[in-house]
Structures are given as C-alpha cells and as structure tokens.
Amino acid sequence: MSEAASETAFEAVGGRRGGNPRAWIARRAEGIVLPLAALFAGMVAFSIFLLVIGKSPPELFDLMWRGGFSSWFSIQNTLSRTAPLLLAGLCVALPARLGLAVIGGEGAIVLGGVAAAAIGGVLGGSGLPGPLGIGIMALAGMAVGALWIGSVGALRHYRAVNETISGLLLAYIAIAIMNHLVEGPLRDPASLNKPSTRPLEAAYRIGSIPGTDVQWGLAVGVVACILCWVLIEKSSWGFAARIAGGNMRAAQIQGLPVGPLIVGFCAIAGACAGLGGMLEVAAVHGAANASLAAGYGYTGILVAFLARQNPLAIIPVAILLGGIDASGGLIQRRMHLPDATVLVLQGMIFIAILFSDTFYGRFKAFNPELWTEKA
Amino acid sequence: MIQRPAINRRQFLKTSTAAAALGVLGGSAAAATATLGFIYVGPKDDYGYNQAHAEGAAALKGMAGITVVEEEKVAETVDVLKTMESMINIEGAGLLFPTSFGYFDPFVLQASTKYPKVQFRHCGGPWTDKNPKNAGSYFGYIGTCQYLNGIVAGHMTKSKKLGFVAAKPIPQVLLNINSFLLGARAVDPAVTCQVIFTGEWSLAVKEAEATNALLDQGADVVTCHVDSPKVVVQTAAGRGSYVCGYHTNQAPLAPEKYLTGAEWNWANVYKMYATKFVGGETLPNFTRGGLADAFVKMSPLGKAVSEPARKQFEAKMKEMMKGNYAVIKGPLKDNKGSEVVAGGTAYVETAIELESMNYLVEGVIGATS
Amino acid sequence: MAGSDIGLWGVPLAILGGAIRVSTPFIYVSLGETITERSGRINLGLEGILVFGAMTAYAVAYMTSSPWLGLLAASGAGACFGLFHGWICKFPKVNDIAIGIAMMLFGTGFAFFLGKPFIQPLAPHLPALPFGFWSDIPQVRAALDVNVLFLIGVGLAVVLWWAFRNTRIGLIIRVVGDSADAARAMGVDPDRVRLLSTAAGSALAAIGGGYLSLYYPGSWNEGISSGQGLMAVALVIFSRWNPLGCLAAAILFGGAGALGPALQSVGLTHGYYLFYAAPYVLTLAIMIASSSPGRTLAGAPGELSITK
C-alpha cells in the first residue's frame, strides 16, 4: 500500500521518469494548452449567453480590450486592480497545494489592514523613518493574517474542522471585528461621516511606481508570487507539502510533519493576504475603514483556480482578471449591461477551467506515457 | 482657480473631437455636448439613496447640449478612482458627480489633483479651501425634513414611541435621528424614539430584524436612514406600523401606512450645476441648501395623516421656507444627561457645527457606540 | 396600533420570533445539503443557488402574481443548477468542492444579472399563519406569525429522517454515500443517484432562497444573503447528517441571528458589530467542539470527499 501510495505521491509532485525533451515539452504544454482552451471555451459560452440576451459579443470583447489593455491608461487601470489580486490568489493557492480549499482570505486582508493601520497610528509622530515604519506595518499585517489563516489550518489538522467552512466563517467574523475596531476603539474622531482609523502620516504612505499610476503593491505582489513559487517547487518544504497534497495519509505514514506543514503553509498564505491588506491601507486608502472589505479575497479564489494553484501562473491570471474588472465599468456604461455581467463571465470561465481538469492525462499528445503504447 | 469661458471651450472641443473619433455620440461632430458623469455606490433602483441621485441625473437627460454617463455599484476603493479616470479619458467627461460619501477621501481628492481641468462635485464631502479648487461638494439639509417627519409622527403615534433604523452612528445620521425626535416632541414632549444601528448601509436581513425589534418594543411609527428603506417600510407597514420615508418617496410600497417622507431633490441641484457648466460659468465649490432652496422636499402627505397633523406640518413648513430655520437649539441635553447646546444658542441648518454632531438628544433611546 | 412596552421580555420574544423567521432558509438549505451529502457529494454552491432561487422566486411571483408559482420556478431553477453540478462532478478528477465554489460565484453573479429589473417592483408575499391569535399582546402575535414554509420545513425534516431510516430510497442514497462499490454491487448507479440527490438538494436550497425574497426580509436586492448558504452547509456537518439535527441547528442559528438587534433594543448597544457576528462565532464554536480527528469520520458518509 505504501509503495503504491508513494508512487502516486511521486507523480503528484511531477516526478519525471524519463529525460526525453519531447516528453518534457509535451507535459509542460498540457499545463498551458488546456487552461487556455478552457478559457476560450468559457468565453464562447459567454458569447452564446450574450447572443441569447441580444447583445453583441464582438462589441463586448472589444470594450474589454479597450477598457483593460489597449491604451497606457487602460493598462494602468488593469495593473492597479491586479496588485491586490496577486496576494489574494496566493492565499488560496498555497494551501491548495496541500489539498486544502481555504477561501477565507478576505478576513486576513481586512484584519491585516487594520493591524497595519493601528501600528502605523501608534508609530506616527514617533520620528521613525518612513521605510522602517512601513516595514513594521507590513510585519504587523502579515503577522495578523498569518494568525488568522494559520488558525484555519490548525483547526483542520488538529480538530478535523472543514477548512472551507471555517475559513469563510472566520472571514465574516474578521469583518465584524474590523467594523467594531474602526468605528470604536481605533476610530479617528475627525473621520466624521466615514469612520476610519487615523490617517497614516505621509512618510508611511506607499506611492506609485515612478512613471506610472500603479502603486508599489504590484511589485510586492509579483515578488511574493515568485518567492512562493520557489518555496513550493524548489524547496524541501514545498516538496513535502506537495506530497502531502497528493495523498495526506501516505505522507503521514511516511513520517512527514503534516501538522506543521499545514499550519505553516496556511500561515504563509495568511501572511500574503495580510500584506495585501496592509498595502491597501498604505497605498490606496491611507487609513483602515470599511472599504477594506472589497471582495479581493473572493476574486483571489478565481485567480488561484485559474492559475491551477501555480504561483507563477497567478501573475498573468491576475492581470487578465484585473483587465476584465477594469473593463466592467465601460461595459456597463456603453452596453447598458449590469455590472454583474463581469461576474457571469468569470463564473463561466471558472467552471470551464474546473471542467478541463478531467482532460488531464487523456490526450495522447500530452502524455508521453501513452506514446509507447502506439507500438 | 476661476473658470473662464476659454477653458470650457477647450473642454467642448476636446469632448467633440473625442466623440467624433469614437463615433459614440450620435449626431454630427459639430453638435458639441458636455459630458456629465454620475457614479453611484449601489443600484440605481434601490428605492433609496442611489435612486434619488439617479432620478436627479435623469432630469438632465433631456437637456440640450448635455450627455449623461452613469455607472452604478462602484465600490469605495481604487475602483471609483479608475471609473472617474475612465469617464474622463474615454468619454471625455468634464464634470463628475461621485455620489457616495466614502469616495471623497482620498479618491476624489486624488482625481481632482490629477485632472485640474475637470470639475468634480461630491455629494456630502467636507470640502474646504485647502482642497483643490476644481473639486467641491453639495448636500441638502435633510435634517429639517426629518423634523417635519417627526411632527407628523408625533401626531400619529398612539404608543408615544417612535422607531429609527439607522446604519451607522455618523453625524449625518445622528442629526436625522435627533431632528426626527425633536419634531415629534414639538407635538408631545413625552414622545421617545428608539434607535437601532444595523452597522451596514445595506443589509436587508438586519434591517428587517431591527424593524421587528423596534416594533416589539412598542414603536408604532418607524423611519430609517439606510441606503434602501424598502425593507424597513415593508416590514413595518406589514406589522401595522406607520412609516415615514427617506431618500425618495416610498409611498407606493405602503400606501395605507405611509405618512410622509424626507426626500432629496437632486434634480434641482444637478440642473443648477449643468446649466452653469454648459454656460461656462464658475461652479460653486461648497453648495448646501434646504427646503427653501428646493434641495430637499417632502413627500405628499399620506391618506392616513390626521387633520391636526396636516395643519401643524404645513405651518411649520411655511416657517421653514423662509430659510435659516434652526432645529437644534438650546437648551438641549443629550440622552446621557449632559448639556450639549447651551440655552440661547441656536444652530441654523447651515451651521457647520452640525456636520460633526456626535450625540443623541434626550428622548432618544440608544447609544452612539 | 398601540404597542405595550414589554421591556426585557423583548429579548426572548425576539429570539423566539427570530428563531422561526430567520431559521427557515437554513432549514431548507441544510436539509437539501443533507440529501446531497448523504449520497456522497458536497455541494458548496448552495449559496449561489440560494441567491438565484431568491431572484427567480421574486421575479416569477411578480410576473404571475403568485408567490407559490415563484417558489415552484425557484425549485426548478435550483434543480437545474443541481443537475449541472451533479453532471459535471461525475467526471474523473473534477473536484466537487471547487465546482461548488464556482457555482457559488456563478449562481450569485447570474442572479444579480437577471435580477436587475426586479429590484424595484413589489412581488406578492407568502402567507403566514397567525399562531399567536390567543394573545392580546401584538409583539407575541408578531413573533408567532409562522410562515407556512417553516411548518413545511419542519414536516420535511421529520419525513426525511424517517425516510433515511425506513425507505428503500433512503437506503439507496446511504449506500451510495457510504460505498460506491457496494452500491454497484447492489445494481445501483452511484452517479445517477448522486445526480438526482444533488438536484433535489439544490431545489430545496432554492426554495430557501425564495423564502428570503418572498417573506423575510421580503424583497429582492443584491444584499439578500449574508452567507446563509454556507452556514447551512456547516450546519449539516455539525448535525452529523441527521435531518432532525439540521432542524435543531437551524433554529438555534436563527435565534442567534436575532440576538443583535434585540439586545440593542433593550439597551445593550456597545459592540453591536460583535453581537451581529454571534451566529458565525456560534457556528464555528460548535464545529470545533463537535469535531475531532477521530470523530468526524464516524457517521460521515464514506464517500464524501472531505472525509477521505
């Protein structure tokens, strides 16, 4: 039993059994062609839907191009929306490699933002230099986020509480805590009609990447994706995590420290989301308030699944989804379609991507193991 | 920065060239129109806050020389910043109305600094001289309307208990609650008003629960300050309580129980801005107005309203129409017993102190935190 | 209408009334999910199906002036979503939890899209039976205004509990849920049973949604749900896949939801956000207390992916 299990686990982490370059390309191609095909299928389904309601698919896709990608203005619009999605996507993708479906990133974002704003308020006026203050705020946001999602992992491992549900419950609780703190103990008395924490002092604000309108959070998100990819694909912890993700019981039997792995990866995921919250506060709002609960955590779910839980793939996927979001306003104004149109498109793409899971390993072209059967 | 006609002519040229290039605006390129952008935080047909603004915008759609673009459900995040920029860059909007309070800081401020040639007028924002001159704010003194609501409520209540479903304890809401009670107390000093905060601007289940809790405690006239009063009105009327409306006219939802309502009259305000904009005049930066300026209005009195109520309502309205009415005047205590307005002091509706109200007056059951 | 001051009695009365009013959608969603999970599938998409059901019920009720037709249409729509979920999940390697999340997003988005024209209009409401007719106090009468769907839901819970134990179809579902191989040995096609169970479960969830829009709060808008679908799935696990347990849990949850405003109305105003979080905290606490690495596996359908 354990031999078969470890073989499965070995395959699950992409263990290679041959050094043939054509085989290598074939396997890699599968991971690109199938998602792209699914994306295309989702868009076709959406186009049919548009035709049924009497709207023009070419017009919509043209507006999507114009609103998201066709001009420097649009590209910046897209990139501004990409920044939080990168970190939110990581919050889902990392535990997913372990086989956990954690979708409560919204809670970690919100509380990370509050923590950062609170620390920033305390440090304000202390004379601490800007970069140091920002660093401390980032650590605070990451710590709180790590605690939040780490709890989800701990509950899953030590108490067998389903992580999808506990994560979502904790997200609702986090938003309630955020509201309570922002309107109560942490409230800035001058923030009359929009209860907020004290605005961060200018030195602790994060600005835009020079020459653009896009905040530095984009760069932070990209770096985080790369680091997480290295963690998962190249480090021994990542290897152990992927084995556990392939077959948890086999991993336990083989003596892998499954508990610490689960809690650790969930904590890192939460830290990413918490960092995202801190960036929203420092780069966008300047304070923590109810606008922090903007739904990035939920869009992050889609980003992670579309990227098939691969941190590097999260980058282009987040840009794509950022572009779709960016064009939403234009579509609403020009085609008089409700803003939910974008949600329908995203839902259809999501379903198509998940359905495409079933085709992995089925097409001969992509599966070198099947090539030898031809003879 | 003074608005000179030359700048507006440039604005027209830019708009019409953009229009010709995009082929969006029907008609010849020579028919230069000004594009006005409206941004709502919720759906346009919510029987409440956003609908009031949309109705105002709708009044502009027939006007010559004006194109209106609208976008709804725009969140108070970088979304609204990008929406504003998109309306400016792609539709060539020259005057924008971001209508939700939370848009002001930092988004409207950022956008107005970045686009000095575009005018931004924000609903309710605390614009001061230190803010960019191409930005500004407008708001209506709807508190006086809640006072009138209170007068009718004071007459119609038999239990002497009123109910108020509020979203968050911010100054604009507190002023409404206090005005409602003070209006009722002008009829009968024994009336009290209980307030429950739902914590969200729009959460149907909580609003229904809050309404039920208020009615359980004996309230028989209910009003509210949430984005969409539809649920409160229906729930209260469904249990046999009277209702006073807010934002827009909810009478169609409960014709038997609807007394009157405090409504916005944004059409008036928007027409003022639009006419000035098209005419190349300077737009005022800080615009406030009350009943007398037709910034706000009252719903027609419902059929259940008694004759004495009607008489007092109309008399008070006449008095308010003269302008400079003070609902909040001393001596006034808050509901914890401390004095908040000294005897002899009166805050007319224009008083800036009202915009930082943080207390509930005596007779309001509830707390701000 | 003169209301008497009932003071602190307001709180237990509100909890009672709330338990009845607020629990009804939870009852339907959790009963529906019980059927689905007993057959070995987990359908997290119920949140989206609930919202879609709410929209459909409201729209059809408005267009036909009959709330019952609205409910019927909602259940039909729910069944379609369920069939789709069941069909797509039977393909190998498709993750039913992920599909559920996708259905949640898609169902909600689609509901908002189609529901735009129905935010303003008024649809007829579902009737309620006045069980409090014996009381003079209007608050008691209001609290005991029980909607027919609540009564049907209670009856349904009893019927399902009995059916799982005593009928052939109940046995089939349980066998399919415990072991697909054993089911095949019996001559039953597990995929087909799961398909129909998911459809039935989704239809019930959609009816739960219809209750929200046609009775309480009685209006369609995009904020109608605050996670009820997801909470109900949690309730199923907590109640150990037992329909009567679901009923009890739903009522408990409904009472907790009414706590916040009721406490405010008697003067406990500080920290009201935290009181509003009570249902979520309660659910989480109960889930933690009732789970343990050894115990969750006992009583769970063997084929359920979250227990494997």
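If you're wondering where the values come from, they're calculated on a predicted model, not measured in any experiment.

Caption draft 1: Examining the overall build of chain C more closely. When helices and strands are counted, chain C shows 14 helices and two strands. Against the globule reference of 19 Å for 308 residues, chain C gives a C-alpha radius of gyration of 20 Å, in line with a compact fold. Expressed along its principal axes, the backbone C-alpha trace of chain C runs to roughly 65 × 45 × 35 Å. Burial analysis of chain C (308 residues in total) assigns 64% to the buried set. A separation of at least 24 residues holds for 76% of the contacts in chain C among residues at least 6 apart in sequence. When the accessible surface of chain C is totalled, it reaches about 10600 Å², and 70% of it is carbon and sulfur. For chain C, the separation between the mean place of its 16 positive charges and that of its 13 negative charges on side chains is 7 Å.

Caption draft 2: Region of the structure containing helix α12 (residues 296-306) of chain A. Residues and elements named next belong to chain A. The element α12 is extensively covered by neighbouring structure, given that 10 of its 11 residues are classed as buried. Looking at α12, one finds that the buried residues are Tyr296, Gly297, Thr299, Gly300, Ile301, Leu302, Val303, Ala304, Phe305 and Leu306. Two residues or fewer after α12 comes Arg308, characterised by a positive phi angle close to 50°.

Caption draft 3: Fine view of the interface of chain B and chain C. Counting residues at the interface gives 43 residues for chain B, matched by 43 residues for chain C. Of the roughly 3400 Å² buried where chain B meets chain C, counting both sides, 50% is carbon and sulfur surface. Interface area lost by chain B to chain C is led by Glu209, Asp216 and Gln217 of chain B, which between them contribute 18%. In this assembly, chain B and chain C are joined by four salt bridges. Between Glu209 of chain B and Arg21 of chain C there is a salt bridge, with its nearest N and O atoms 3.6 Å apart. Put simply, chain B and chain C have 14 residue pairs in polar contact (both at pLDDT 80 or more) between them. Elements that contribute at least two residues to the side of chain B that touches chain C include exactly β7 (192-197), α7 (204-216) and α8 (230-238) of chain B. Looking at the side of chain B that touches chain C element by element, the count peaks at 10 residues for α7 of chain B. Of the residues in the side of chain B that touches chain C, the class split is 18 nonpolar, 12 polar and 13 charged.

Caption draft 4: Broad picture of the sheet that holds strand β12 (residues 296-298) of chain B. Residue and element names in this part refer to chain B. The strand order across the open sheet formed by seven strands is β12-β10-β9-β8-β6-β7-β17, and the pairing between neighbours is mixed. The open sheet is flanked by β12 and β17 (364-365), the only strands paired with a single partner. Here strand β9 (residues 242-247) runs beside strand β10 (residues 258-264); their pairing, made up of four bridges, is parallel. Note on β10: the bridge partner recorded for Tyr246 is Ala262.

Caption draft 5: Geometry of the nonpolar core. Core analysis: the biggest nonpolar cluster contains 225 residues, and Met278 of chain A, Met84 and Phe120 of chain B together with Ile101 and Trp220 of chain C have the highest contact counts within it. Element by element, the count of residues in this core is highest for helix α11 (residues 258-285) of chain A, at 15 residues. Residue contributions to this core reach at least three from each of two domains, namely domain 1 (32-140) and domain 2 (143-261 + 298-365) of chain B. Leave out the neighbours within four places in its chain, and Ile101 of chain C touches Ile103, Ile301, Phe305 and Phe350 of chain A together with Leu44 of chain C. Counting 98 residues, the second-largest nonpolar core is a separate cluster that includes Leu95, Leu301, Val305 and Ala351 of chain B.

Caption draft 6: Fine view of the packing of aromatic side chains. Tallying each qualifying case throughout the model produces 36 aromatic pairs over all chains. Considering the side-chain rings of Phe97 of chain B and Tyr138 of chain B, the 6.0 Å spacing of their centres and the 80° angle between planes classify their relative orientation as edge-to-face. Of this pair, Phe97 of chain B sits in strand β3 (residues 95-98) while Tyr138 of chain B sits in strand β5 (residues 135-140), placing them 41 residues apart in sequence. Across the pair, Tyr138 of chain B and Phe97 of chain B agree in class, each one buried. Counting every residue linked through ring pairs, the aromatic cluster contains Phe38, Phe97, Tyr138, Phe139, Tyr246, Trp264, Trp266, Tyr270 and Tyr273 of chain B. Over the aromatic face of Tyr242 of chain B sits the side chain of Lys257 of chain B, whose NZ or CZ is 4.9 Å from the ring centroid. Above the ring of Phe164 of chain C, the side-chain terminus of Arg38 of chain C is found at 4.7 Å from the ring centroid.

Caption draft 7: Local environment of the sheet that holds β5 of chain B. All names here are of chain B. If you trace the six strands from one edge of the open sheet to the other, you get β2-β1-β3-β4-β5-β11, paired in parallel fashion. Lying at the two open borders of the sheet, with one neighbouring strand each, are β2 (66-71) and β11 (286-289). When strand polarity is set aside, the average angle formed by the axes of neighbouring strands in this sheet is 20°. As paired elements, β5 and β11 share four bridges and run parallel to each other. Looking at the pairing, Phe139 lines up with Arg288 of β11. Sitting on the sheet, helix α3 (residues 78-89) touches β1 (34-39), β2, β3 and β4 (119-123), and the angle it makes with β1 is about 165°.

Caption draft 8: Layout of the side chain of Asn176 of chain B. Note on placement: Asn176 of chain B falls in helix α6 (residues 171-187). Not counting chain neighbours up to four residues away, the residues in contact with Asn176 of chain B comprise Ile142, Gly143, Gln146, Phe164, His225 and Tyr246 of chain B.

Caption draft 9: View of the pattern of salt bridges. For the coordinates displayed, the defined rule picks out 27 salt bridges over all chains. Among the ionic pairs, Lys116 of chain C bridges to Asp45 of chain B, the shortest N-O distance being 3.9 Å. Residue Lys116 of chain C is located in the loop between α4 (96-115) and β1 (128-130), and its partner Asp45 of chain B is located in the loop between β1 and α2 (49-58); the two belong to separate chains. One connected set of salt bridges, linked through shared partners, spans Asp213 of chain A together with Lys82, Glu85 and Lys114 of chain B.

Caption draft 10: View of the interface of chain C and chain A. With 48 residues of chain C at the interface, the matching set in chain A holds 44 residues. Both sides together, the interface formed by chain C and chain A hides about 3900 Å², and carbon and sulfur atoms give 80% of it. Remark: the boundary between chain C and chain A carries zero salt bridges. Where chain C meets chain A, there are six residue pairs in polar contact (both at pLDDT 80 or more).

Caption draft 11: Summary view of the pairing of β2 of chain B. Residues and elements named next belong to chain B. Counting buried residues along β2, six of its six residues qualify, which places the element largely inside the surrounding structure. Side chains Ile66, Val68 and Glu70 of β2 all project onto a buried face; the interleaved residues Thr67, Val69 and Glu71 project onto the opposite face, where all are buried too. Here six bridges tie β1 to β2, and the two strands are oriented parallel to one another. Bridge pairing in β2 places Gly37 opposite Val69. In terms of handedness, the path from β1 via α2 over to β2 forms a crossover that is right-handed.

Caption draft 12: Spotlight on the layout of surface pockets. When its volume is computed, the second largest pocket comes out at roughly 730 Å³. In this structure, the second largest pocket is lined by 31 residues; those nearest its centre are Ala190 and Ser191 of chain A together with Phe104, Asp105 and Pro126 of chain B. Among the elements that take part in the lining of the second largest pocket, helix α4 (residues 104-114) of chain B stands out by supplying five residues, more than any other. In the lining of the second largest pocket, the residues fall into 13 nonpolar, 13 polar and five charged.

Caption draft 13: Looking closely at a nonpolar patch on the surface. On the surface, Phe40, Val44, Ile48, Val52 and Ile53 of chain A cluster together into a nonpolar patch covering about 480 Å² of accessible area. Along the chain, the position of Ile53 of chain A falls in the loop between α2 (21-52) and α3 (57-68).

What counts and how
Residues numbered from 1 in each chain as written. Chains lettered and ligands numbered in written order. Predicted model: local features only at pLDDT ≥ 70, side-chain atom pairs only at ≥ 80, totals over all residues. Heavy atoms only, no water. Helix = DSSP H or I, 4+ residues; strand = E, 2+ residues; numbered from the N terminus. Rg over C-alpha atoms; globule rule 2.2 N^0.38 Å. Buried < 20%, exposed > 50% of the residue type's maximum accessible area, 1.4 Å probe, protein only. Contact = heavy atoms within 4.5 Å. Areas by Shrake-Rupley, 256 points an atom, 1.4 Å probe, with all protein chains shown as cover. Lys, Arg positive; Asp, Glu negative; His and termini not counted. Charge placed at Lys NZ, Arg CZ, Asp CG, Glu CD. Buried area = accessible area lost by both parts, 1.4 Å probe. Salt bridge = Lys/Arg side-chain N within 4 Å of Asp/Glu carboxyl O. Polar contact = N/O pair within 3.5 Å; in protein donor to acceptor, adjacent residues only side chain to side chain. Nonpolar A, V, L, I, M, F, W, Y, C, P; charged D, E, K, R; others polar. Pairing = 2+ DSSP bridges. Core = buried A, V, L, I, M, F, W, Y, C linked by side-chain atoms within 4.5 Å. Domains from an automatic or database assignment. Phe/Tyr/Trp six-rings, centres within 6.5 Å; stacked < 30°, edge-to-face > 60°. Lys NZ or Arg CZ within 6 Å of the ring centre and 35° of its normal. Axes fitted to C-alpha atoms, helices over the stretch in contact; angles between N-to-C directions. Right-handed = clockwise from strand over helix to strand, strands pointing away. 1 Å grid on protein atoms, 1.4 Å probe; cavity = no way out; pocket = protein on both sides within 12 Å on 5 of 7 lines; lining within 4 Å. Points joined across faces, edges and corners; volume = space filled by probe spheres on them. Patch = residues over 30% accessible without salt bridge, like charges linked within 9 Å, V, L, I, M, F, W, Y side chains within 5 Å.

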